[in-house]
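In case you want the letters, here they are:
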Amino acid sequence: MRKTRVAIAALAACALTLGACSGAGTSDETSTSEGASEITVLMVGNPQMEDIQKLTADNFTKQTGITVKYTILPENELRDKVTQDVANQGGQYDVVTIGAYEVPIWSKNGWLHELSTQMDADAAYDKADLLKPMVTVASGEDGKMYGAPFYGESSLLMYNKEMFEAKGLTMPEKPTWQQVADLAAKVDDKANGTAGICLRGLPGWGEGIASLTTIVNTYGGTWFEKDWTPKLNAPEFKEATKFYVDLARAHGEPGVAQSGFTECLNIFSQGKSAMWYDATSAAGTVEDPNASKVAGKVGYVYAPVNKTEHSGWLWSWDWAMPKTTKKADASWKFISWATSKEYEQLVGKELGWSRVPAGKRTSTYSIPEYKESAKAFADITLDSIANADPVNPGLQERPATGVQFVAIPEFQDLGTKVSQEIAAALTGQKTVDQALDAGQKLAEDVAKKYK
């Protein structure tokens, strides 16, 4: 019954917020064409995506004759653009980057090509080499893969070892959030332009809300109980949010309400923050001396906890093929190249081994050069990915899967609107209680569709 309601809600959300979705049933037979000389790719503007743009012409295009026209956007803009194009069957792009949130919902709506057939048919692709958690989050309810993982991640805490040593401080391997707050107070040096910690505060369900929700989980809170009762103004959710807001306001980076992944990556890499809680995938850029002033000076520990044993999120950025593409063969050639073992070798040799898009293949962690470059964070990354539980990420049963999100179509809008309320608390325009009371009302509206 719950699955039926989710399906109905997905269609309703499509009709209400995304416009005409009737073209979702486009058949494979009408969506392919031979001899395609150019494909269009829409992707998020993260370092790994910027790297593939640099390498495409001299490698993929040279090998296949297929030109790739890239559009790169910041995360929030990417999510809006890709949703509008794919859900409305716009057909502007042949390949897009989406993630663990979109794949199961969009595949169920019939918006994506399944990719398992191509993967299974290509022995060299070695589908069995993909990490099981990444296969799971890139698959639909039918068990087929609709996304090909470009890189996978959990979350961890990074800290500047030189700053800690200068203060005589020690970071536990598995810190609590309270320990992190205490350390942030001691290492904070705003007089010299250094924040105690960098935290995402930028509005967006995949930006500030991702980090905050992991804190909510480990504090014993949840967005919804098993019966879809919203819990945003419950004591546990409030305690976690107050902790997050107080820590960010007291010891976070300047302009925290405008800081997302990209901003914190720049702040931490420039030595302007002593700690940073974010994606494991960020470590590769942090350790690249061509992109980071703190390369070789960073320590990595597990995502901080409170009441749970683990609290890291689970995500993959996946290449997906909208059903509307008329260049499916060429698109698959690009996707298979971009997610292959050979591509990882290319990145390592051409750009540096720390920049390999990791977290998706078992074999990556057997490459001697990668093991050496990633020795400070590779084991924590793999262990955090393995221990991230999208079914039971907190202390109570959930009505939908997801560690740092709720896997329902409405969460894209709900999470973003709540994040705007939290941003108002970060800037002092509202109290946390006011922000969460407003969020509770929004969640109650969503819950009515599922109860």
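Structure's up top.
Here the structure is a predicted model, which is why all the values come from computation and not from measurement.

Colleague: Would you mind showing me how to read the sheet that holds strand S1 (residues 38-44) here?
Modeller: In space, the five strands of this open sheet follow the order S2-S1-S3-S8-S4, with mixed pairing throughout. What marks the edges here is a single partner per strand, and that holds for strand S2 (67-73) and strand S4 (148-153). Strand-to-strand twist in this sheet, taken as the mean axis angle between neighbours without regard to direction, amounts to 20 degrees. Note: S1 against S2, seven bridges, orientation parallel. By the bridge assignment for S2, valine 44 is matched with leucine 73.

Colleague: Can you help me understand empty space enclosed by the protein in this one?
Modeller: The gaps of empty space that remain are located by a probe, the size of a water molecule, rolled over the atoms. Taken as a whole and judged by the stated rule, the model has four cavities of 30 Å³ or more. In this structure, the largest cavity is lined by 16 residues; those nearest its centre are Glu75, Glu153, Arg200, Gly206 and Trp315. Among the secondary structure elements, those contributing two or more residues to the lining of the largest cavity are helix H3 (75-87), S4 and strand S8 (315-320). Its residues placed into classes, the lining of the largest cavity shows eight nonpolar, four polar and four charged. Taken as a whole, the second largest cavity encloses approximately 120 Å³ of empty space. Tyr302, Ala303, Glu309, His310 and Ser311 are, among the 15 residues lining the second largest cavity, the residues nearest its centre. For the lining of the second largest cavity, the leading source of residues is helix H16 (residues 378-387), giving three residues. Split into classes, the residues belonging to the lining of the second largest cavity amount to five nonpolar, seven polar and three charged.

Colleague: Looking at this structure, I do not really get the side chain of threonine 56. What am I missing?
Modeller: When you line up the elements, threonine 56 lands in helix H2 (residues 47-64). Aside from chain neighbours lying at most four places away, what touches threonine 56 is Thr61, Val68, Tyr70 and Trp337.

Colleague: Can you walk me through the state of the cysteines in this structure?
Modeller: The full count for this structure, using the stated rule, is one disulfide. Note that cysteine 198 is cross-linked by a disulfide to cysteine 264, the S-S spacing being 2.4 Å. Measuring the twist about the S-S bond at about -85 degrees, one finds the cysteine 198-cysteine 264 disulfide to be left-handed. Of this pair, cysteine 198 sits in the loop between helix H8 (177-187) and helix H9 (208-218) while cysteine 264 is found in helix H11 (residues 261-269), placing the two residues 66 residues apart along the sequence. The residues cysteine 198 and cysteine 264 share a single accessibility class, namely buried.

The rules behind the values
- Each chain has its residues counted from 1, running along the sequence as written.
- Only residues with pLDDT of at least 70 get local features here, since the model is predicted, and only at 80 or more are side-chain atom pairs given and counted; chain-wide, interface and lining totals rely on the full set of residues.
- In computing side-chain properties, one takes all heavy atoms of the structure into account and sets aside hydrogens as well as water.
- For two strands to be treated as a pair, DSSP must find no fewer than two bridges joining them.
- Helix and strand definitions here come from DSSP, where helices need a minimum of 4 consecutive H or I residues and strands a minimum of 2 consecutive E residues; each element is numbered from the N-terminal end.
- A fitted line through C-alpha atoms serves as each axis, taken over the contacting stretch for helices, and the angle formed by two N-to-C directions is quoted from 0 to 180°.
- In the cavity and pocket records, a cavity denotes points on a 1 Å grid over the protein atoms alone where a 1.4 Å probe fits but cannot get out, a pocket denotes an open set with protein on both sides within 12 Å along at least 5 of 7 lines, and lining residues are residues with an atom within 4 Å of a point.
- Grid points are joined across faces, edges and corners, and a volume is the space filled by probe spheres set on the points.
- Residues are grouped as follows: Ala, Val, Leu, Ile, Met, Phe, Trp, Tyr, Cys and Pro are nonpolar; Asp, Glu, Lys and Arg are charged; all remaining types, including Gly, are polar.
- Any pair of residues with heavy atoms lying within 4.5 Å of one another is described as a contacting pair.
- The disulfide criterion is simple: two cysteine sulfur atoms within 2.5 Å.
- Only protein chains enter the accessibility calculation, which uses a 1.4 Å probe; a residue is then buried when its area is under 20% of its type maximum, exposed when over 50%, and partly exposed in between.

None of the figures reported here should be taken as evidence of function without further support.
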